[in-house]
Amino acid sequence: MAEPARARPKPTPETQHFWDGTAAGELRLQRCDACANVYFPPRPFCPSCGSRKVSIFKASGKGTLYSYVINHRPAAPGFTPPYAIAVVELEEGPRMMSNIVDCPQTPEALELDMKLEVAFEKLDDKITLPLFRPAKG
Amino acid sequence: MRRNAVAVVGAAETTELGVIPNMSQIQLHADAALNAIADAGLKLSDIDGIATAVETPQQIAHYLGIKPTWVDGTSVGGCSFMLHVRHAAAAIEAGLCKTVLITHAESGKSMIGKLPRSTPPDSLNGQFEAPFGVYGPPSMFPIPVLRYMKTHGITHEQIAMVAVVQREWAAKNPRATMKAPITVEDVLNSKMIAYPFRILQCCLVTDGGGALILTSADRAKDFPNKPVYILGTGESVETPMVSQMETFDSSRAFRVAGPTAFREAGIAHKDVGHLMIYDAFAHLPLYGLGDLGFMPHEETGKFIADGNTRPGGKLPLNTNGGGLSYMHSGMYGMYALQESVRQMRGIAPAQVPGAKISVCHGVGGMFAASGTIIFTNEK
């Protein structure tokens, strides 16, 4: 593909575990050991209670479609319009932005609250993106 | 903050609005500032406080030759100027300065001397939003709207009516960029930008600027134009990532800033004669009506579709035509403030007869920040 590549995330010390997780085929979230709050994006403390005692765990990878747009113009580098930019509500509570694959990018196919599951897309040796597809079954 | 302790005594936009290919962004700031200083009957040397956003205060102060004793560079997006008004009022009350100049300008269309916007790949937005194809506000700001519509039972036609009604207001404003009448069908058949929003539901992209001058109410009566008093103020921020809002059913930043300003002003919603809600995109007036407490969110779409906010309606809203039809250089908050001041002075092209209280509500980023200013022309 001669087109410019999509924006590539650059991990920081606080987010490295998340990107190591996606590269290993795991969607990793964090849970506060003090108040049990599950949160995203990654940081080494709980944004609810401030505790620094937090644990990383493997999330189920299941979620539902919270909201989206289908972007027509202007398209981001590496994307062919129209494409959906979605926000997925994870089973564990946090929401994250993603794209919906294996699904027509139409309002008819993209129903709010539809069940989704994570689908990892490898960008290169270091970065794998967590995308989502309609849940099977 | 004490009610009516500080007043706007100077207000002006740039000499031209729209496409201004013969002026850089910093000169647009200066053009607006000089117009506002003239409007107030002041000299540059009278200004001892300065606030601006995106451009730094030192940039604007130096360019204008101002030696401030108070500075505010709060830059939280398009509502930064509402926050500047709030901060300036507090600073004047505290005696930190006497006469504050707030400037905005953006070469949003011509892009002359405009600072680049970028998202570093190791920022949180760069890691957790940019890789999924967001590319400018049209791809981000409407992301919550399908959820809002589903939760509150809002229709596509109702949101299209926001653009239709604002065009009616724009038609009464000679300086508005878009004045030709439009229908719901026109809106729903216009070019698709980011479903569900089409181009007539997205703001304009223009050049321009505006500036305000504030001083203590005790001095305000000595100025050439009718003073406009600051009755109440509010501000908040939520998140730079639209995906991380607490909920898409509402804006937390709105729910903090708006009610804070109402409490400070000590007014009820029925007292509001004129309303501005920053409309970068057509869903924002709905969020604003609900989050500021004018009505439940379920009723916002019908309220606008029924004509309550159009010329002659009971709650005149976005009477300059808004970001959708008047102008939008990138940070529209200053133009909303200018229209509130015009309405309170009684000189707006689409003047609301007898309006005594104007609520001006702004958004910054994609629901990232919010500021609300309540003005009155009665002390």
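Above: the structure in question.
As a starting point, this report considers the structure included with it.

Scoring rules and cut-offs
Residues numbered from 1 in each chain as written. Chains lettered and ligands numbered in written order. Predicted model: local features only at pLDDT ≥ 70, side-chain atom pairs only at ≥ 80, totals over all residues. Helix = DSSP H or I, 4+ residues; strand = E, 2+ residues; numbered from the N terminus. Rg over C-alpha atoms; globule rule 2.2 N^0.38 Å. Buried ≥ 20, exposed ≤ 12 C-beta atoms within 10 Å, placed from the backbone. Contact = placed C-beta atoms within 7 Å. Pairing = 2+ DSSP bridges. Axes fitted to C-alpha atoms, helices over the stretch in contact; angles between N-to-C directions. Left-handed = near helix turned anticlockwise from the far one by under 90°. Nonpolar A, V, L, I, M, F, W, Y, C, P; charged D, E, K, R; others polar. Core = buried A, V, L, I, M, F, W, Y, C linked by C-beta atoms within 7 Å.

Points about the overall build of chain A
- Secondary structure assignment for chain A yields one helix and eight strands.
- Relative to the globule expectation of 14 Å for 137 residues, the C-alpha radius of gyration of chain A, 16 Å, shows essentially globular dimensions.
- Seen through its principal axes, chain A has C-alpha atoms that stretch 45 × 30 × 25 Å.
- Across the 137 residues of chain A, 33% fall into the buried class.
- Restricting to contacts in chain A with at least 6 residues of sequence separation, those with at least 24 account for 48%.

Here's the deal with the pairing of strand 4 (residues 99-107) of chain B
Residue and element names in this part refer to chain B.
- Counting buried residues in strand 4 gives nine out of nine residues, a clear majority hidden from the surface.
- Alternating positions in strand 4 separate into two faces, Thr99, Leu101, Thr103, Ala105 and Ser107 on one and Val100, Ile102, His104 and Glu106 on the other, with burial throughout.
- Pairing between strand 2 (residues 49-52) and strand 4: four bridges, direction parallel. Paired with alanine 51 across the strands is isoleucine 102, a residue of strand 4.
- Across nine bridges, strand 4 lies against strand 7 (residues 207-216) in antiparallel orientation. Paired with threonine 99 across the bridge in strand 7 is threonine 215.

Things to note about the interface of chain A and chain B
- Contact with chain A, which involves 32 residues of that partner, is made by 27 residues of chain B.
- Put simply, the parts of the chain that give the side of chain A that touches chain B at least two residues each are strand 4 (62-71), strand 5 (83-90) and strand 6 (95-98) of chain A.
- Of the strand pairs in this sheet, strand 4 of chain A and strand 5 (residues 192-195) of chain B are connected by two bridges, and their pairing is antiparallel. The residue of strand 5 of chain B that forms the bridge with Ile70(A) is Tyr195(B).

Thoughts on unusual backbone geometry
- Residues Pro81(A) and Pro82(A) are joined by a peptide bond in cis, for which omega reads -5°.
- Locating Pro82(A) in the fold gives a position in the loop between strand 4 and strand 5.
- Note that the residue after Tyr195(B), namely Pro196(B), is joined by a cis bond; omega there is 10°.
- Tracing the sequence through the fold places Pro196(B) in the loop between strand 5 and strand 6 (197-198).
- Within the chain, Asn318(B) stands out as a residue other than glycine whose phi angle is a positive 55°.
- Position of Asn318(B) relative to the elements: it lies in the loop between helix 12 (297-305) and helix 13 (322-325).

Thoughts on the sheet that holds strand 3 (residues 70-72) of chain B
Residue and element names in this part refer to chain B.
- Judged by pairing direction, the sheet is mixed, and its nine strands sit side by side in the order 3-2-4-7-1-8-11-10-9 without closing on themselves. Each having just a single partner strand, strand 3 and strand 9 (274-277) make up the two edges of the open sheet. In this sheet, neighbouring strand axes are inclined to one another by 20° on average, regardless of whether the strands run parallel or antiparallel.
- Sheet topology places strand 1 (residues 6-13) next to strand 8 (residues 228-237); two bridges connect them, and they run antiparallel. Bridge pairing in strand 8 places alanine 7 opposite tyrosine 229.

Comments concerning the packing of helix 1 (residues 25-39) of chain B against helix 2 (residues 57-64) of chain B
All names here are of chain B.
- Between helix 1 and helix 2, the least distance of the axes is 10 Å, while the angle of their chain directions is 65°. Along this stretch, helix 1 crosses helix 2, giving a crossing that reads as right-handed. Residue-level contacts link Ile26, His29, Ala30 and Ala33 of helix 1 to Gln59, Ile60, Tyr63 and Leu64 of helix 2.
- Partitioning the contact of helix 1 with helix 2 into residue classes produces six nonpolar, two polar and no charged.

What about the nonpolar core?
- Among the nonpolar cores identified, the biggest contains 160 residues, and Tyr68(A), Ala36(B), Val85(B), Val100(B) and Leu214(B) are the most heavily contacted of them.
- If one sorts the elements of this core by residue count, helix 7 (residues 156-170) of chain B sits on top with nine residues.
- Dropping the residues within four chain positions of it, Tyr68(A) is found in contact with Ala84(A), Ile85(A), Ala86(A), Val87(A), Leu110(A), Ile143(B) and Leu146(B).

Describing the environment of Lys179(B)
Residues and elements named next belong to chain B.
- One can find lysine 179 in the loop between helix 7 and helix 8 (184-189).
- As a C-alpha pair, lysine 179 and glutamate 168 span 11 residues in sequence and 7.7 Å in three-dimensional space.
- Not counting the four nearest positions on each side in its chain, lysine 179 is found in contact with Ala170 and Ala171.

Some thoughts on helix 12 of chain B
All names here are of chain B.
- Considered for burial, the residues of helix 12 that qualify are Thr300, Gly301, Phe303, Ile304 and Ala305.
- Looking at the buried positions of helix 12, the neighbouring elements they touch are helix 7 and helix 11 (284-291).
- Within two residues after helix 12, glycine 307 carries a phi angle of roughly 90°, on the positive side.

Things to note about the pairing of strand 1 (residues 28-32) of chain A
Residue and element names in this part refer to chain A.
- Bridging between strand 1 and strand 3 (residues 54-58) involves five bridges; their strand directions are antiparallel. Directly across from leucine 29, in strand 3, lies its bridge partner phenylalanine 57.
- Turn length for the strand 1-strand 2 (residues 38-39) hairpin, with the two strands adjacent in sequence and antiparallel, is five residues, and the turn residue alanine 36 shows positive phi of about 70°.

Quick word on the environment of Thr319(B)
- Tracing the sequence through the fold places Thr319(B) in the loop between helix 12 and helix 13.
- The spatial distance from the C-alpha of Thr319(B) to the C-alpha of Val165(B) is 9.5 Å, given a sequence separation of 154 residues.

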